[in-house]
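# Descriptive analysis of the structure
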Amino acid sequence: NDAESIGISMQKLRGVYSDALDFQSQGAHLKAVSHLNQIESDLQEIRTLAQTAAKDIGAAQEVLARAADVGIDLAEADARIAVSLEHLKNNRYEESIQTARQLAEAVDRQAKERVLENLARFESSISEARSAGTDVSTADSLLRAAHDAMERGHYSEAIRFVMESE
């Protein structure tokens, strides 16, 4: 597991703990405390990895929720979230973090591409309408609002502005 990949094995922790108990029984209190501090430090490192993995999975789930609003098929992404959660459950924190981060980046990129495609079609429609002499001031305002929403990462809001203009 990842604890071992960062140099922390349960066997090592048990050994350090056993040594701390031995030092304690021998009256070498400072050595015992030093060993216990090492265990605490190692466990904190593991907790930090687990918390980072959980946070990154949550962030990936938020990206998926936003992407669903723009009509992206998320079946594969949902399966990858399940894999990331399984890694977390099995204490494979670094794999969980990597899977969640890669997934979030890929889905966010796909959602952004979808919004940009819709914006391009919208801009083309506005140009055609403008060329035909139609007043496009409302459409221009919606286009600006859509671009602003997209820049903030609010893809579903950007799509809503595009749909509103149609």
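Everything below is about the structure shown above.
All figures in this text were calculated on a predicted structure; none of them were measured in a lab. (Residues numbered from 1 in each chain as written. Predicted model: local features only at pLDDT ≥ 70, side-chain atom pairs only at ≥ 80, totals over all residues. Heavy atoms only, no water.)

## What about the pattern of salt bridges?
Two side chains carrying opposite charge are able to pair once their charged atoms lie near each other. Note the threshold: By salt bridge we mean one thing: a side-chain nitrogen of Lys or Arg within 4 Å of a carboxyl oxygen of Asp or Glu. Segments assigned H or I by DSSP are reported as helices when at least four residues long, segments assigned E as strands when at least two residues long, and all are numbered from the N terminus. Relative accessible area decides the class of each residue, using a 1.4 Å probe on protein chains only: under 20% of the type maximum gives buried, over 50% gives exposed, and in between gives partly exposed.
If you walk through the whole model with that rule in mind, you get seven salt bridges. Put simply, R101 and D56 hold a salt bridge, and the shortest N to O gap is 2.6 Å. Residue R101 is found in helix α5 (residues 93-131), and its partner D56 is found in helix α3 (residues 29-68); the two are separated by 45 residues along the sequence. A residue is classified by how much of its surface remains accessible, and R101, at 42% relative accessible area, is partly exposed. The class for D56 is buried, based on a relative accessible area of 8%. Between D108 and R66 there is a salt bridge whose closest N-O contact spans 3.7 Å. One end of the pair, D108, is in helix α5; the other, R66, is in helix α3, and 42 residues separate them in sequence. Overall, the relative accessible area of 25% leaves D108 in the partly exposed class.

## Notes on the packing of helix α4 (residues 75-89) against α5
Quick note on the threshold: In this analysis an axis means a line fitted to C-alpha atoms, helices contributing only their contacting stretch, and an angle means the value between N-to-C directions, from 0 to 180 degrees. Each angle is binned into one of four classes, with values under 35 degrees roughly parallel, values over 145 roughly antiparallel, values of 65 to 115 roughly perpendicular, and all other values oblique. Crossings are sorted by hand: turned counterclockwise from the far helix by less than a right angle, the near helix makes the crossing left-handed, and turned clockwise it makes it right-handed. A contact between two residues is defined here by any heavy atoms of the two lying within 4.5 Å. Under the scheme applied, nonpolar residues are Ala, Val, Leu, Ile, Met, Phe, Trp, Tyr, Cys and Pro; charged residues are Asp, Glu, Lys and Arg; polar residues are all the others, including Gly.
Following both chains from N to C, one finds α4 and α5 inclined at 160 degrees, their axes separated by 7 Å at the closest point. Regarding the angle of α4 to α5, the classification is roughly antiparallel. Read as a crossing pair, α4 and α5 show a hand that is left-handed. Along the contact surface, α4 presents A77, R80, I81, S84, H87 and L88, while α5 presents Y93, E95, S96, T99, A100, Q102, L103 and V107. Here the contact of α4 with α5 is composed, by residue class, of seven nonpolar, five polar and two charged.

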